[in-house]
Amino acid sequence: MDEIRSWKHVFKLDPNKAIADEDLAKVCESGTDAVIVGGTDDVTLDDTLYLLSRIRRFSVSCALEVSNPEALSPGFDYYFIPSVLNSRKVDWVIGHHHRAVQEWADLMDWEEIVTEGYCIVNADSKAAQHTDAETNLSPEAIRSYALIADRLFRLPIFYLEYSGAYGDPDVVRLVGESLSEAQFFYGGGICDRRKAEEMAQYADTIVVGNAIYDDLKKALQTVKAVKSQR
Ligand code: 1GP
């Protein structure tokens, strides 16, 4: 967890989306602190292994965000386990986790496993729909999920997920001010330098996903934006 605490910027790559070798090289050598491999649906073991083998040509840290236990594979530096705190379905909060631990507890290296307390707030995102998240939340309600992650459950990461949409900077600031121990991940709609700078003021770690596939040149500039704030 000590290394993760130093992460200011990460790219999230979707095993289900194609990326050319030269573009992947640019992502991995961009100066980002880490690459997370993760997607919402249709994540297969084959696609995950293929992407991992290509990322491993570079020295960048690499975490697998587990959305489908069938796609779990050894070889990552970390395994991020999301628990969607605002899901209406117990499976996404703790049910899938319980089944996985029953099956694989003896094989798990707990040192590599990091739990993320998620709050998904963009109703139109696949992540919200897939997990049946309650997205109609006031800033205070979102802050309360952050406090649950931080103080009540003492999770190492609180992840405010706007996936596919740029969030409300006032909400992100409120959450940032409320957390004391948990590492604050913000993800959603960061597609250029200005947006990266804005959210990096409030979040400990910003996550850039879709922009890699939409406009890589601008996505790469988000790294510089964060570095220049250091
Ligand atoms: C998605 O939080 C990440 O899980 C990043 O969001 O794809 O909108 O950049 P974007």
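Preceding this section is the structure that the text describes.
Okay, so let's go over this structure. (Residues numbered from 1 in each chain as written. Predicted model: local features only at pLDDT ≥ 70, side-chain atom pairs only at ≥ 80, totals over all residues. Heavy atoms only, no water.)

## Some details on helix α6 (residues 139-152)
So, step 1. When the terminal C-alpha atoms of α6 are compared, their 19 Å separation across 14 residues agrees well with the 20 Å that a helix rising 1.5 Å per residue should span.
So, step 2. Listed in full, the buried residues belonging to α6 are I142, Y145, A146, A149 and D150.
So, step 3. For α6, the elements touching its buried residues are β5 (113-120), β6 (157-161) and α7 (169-178).
So, step 4. In the segment just after α6, R154 is the residue with positive phi, at about 50°. (Helix = DSSP H or I, 4+ residues; strand = E, 2+ residues; numbered from the N terminus. Expected span 1.5 Å × (residues − 1). Buried < 20%, exposed > 50% of the residue type's maximum accessible area, 1.4 Å probe, protein only. Contact = heavy atoms within 4.5 Å.)

## Here we look at unusual backbone geometry
So, step 1. Here D132, not a glycine, exhibits a phi torsion of approximately 50°, which is positive.
So, step 2. Tracing the sequence through the fold places D132 in the loop between α5 (126-131) and α6.
So, step 3. Residue classification places D132 among the partly exposed positions, given a relative accessible area of 25%.
So, step 4. Of note in this structure, R154 is not a glycine but carries a positive phi near 50°.
So, step 5. A relative accessible area of 68% places R154 in the exposed class.

## Details of the pairing of strand β7 (residues 183-187)
So, step 1. In terms of residue burial, β7 counts as a mostly covered element, since five of its five residues are buried.
So, step 2. Side chains Q183, F185 and G187 project from β7 onto one buried face, and the interleaved F184 and Y186 project onto a second face that is buried too.
So, step 3. Pairing geometry for β6 and β7, over five bridges, is parallel. Bridge pairing links I157 to Q183 in β7.
So, step 4. Read as a crossover between parallel neighbours, the route from β6 over α7 to β7 is right-handed.
So, step 5. Regarding topology, helix α8 (residues 193-200) serves as the crossover connection from β7 to the parallel strand β8 (residues 205-208), and that connection is right-handed. (Pairing = 2+ DSSP bridges. Right-handed = clockwise from strand over helix to strand, strands pointing away.)

## Details of the packing of α8 against helix α10 (residues 216-227)
So, step 1. Put simply, α8 and α10 touch, their axes get as near as 8 Å, and they point 40° apart. Of the possible angle classes, the one that applies to α8 and α10 is oblique. Note that α8 runs across α10; the crossing there is right-handed. Within the contact between the two elements, α8 uses R193, A196, E197 and A200 and α10 uses Q221, T222, K224, A225 and V226.
So, step 2. Looking at the contact of α8 with α10, its residues break down into four nonpolar, two polar and three charged. (Axes fitted to C-alpha atoms, helices over the stretch in contact; angles between N-to-C directions. Parallel < 35°, antiparallel > 145°, perpendicular 65-115°, else oblique. Left-handed = near helix turned anticlockwise from the far one by under 90°. Nonpolar A, V, L, I, M, F, W, Y, C, P; charged D, E, K, R; others polar.)

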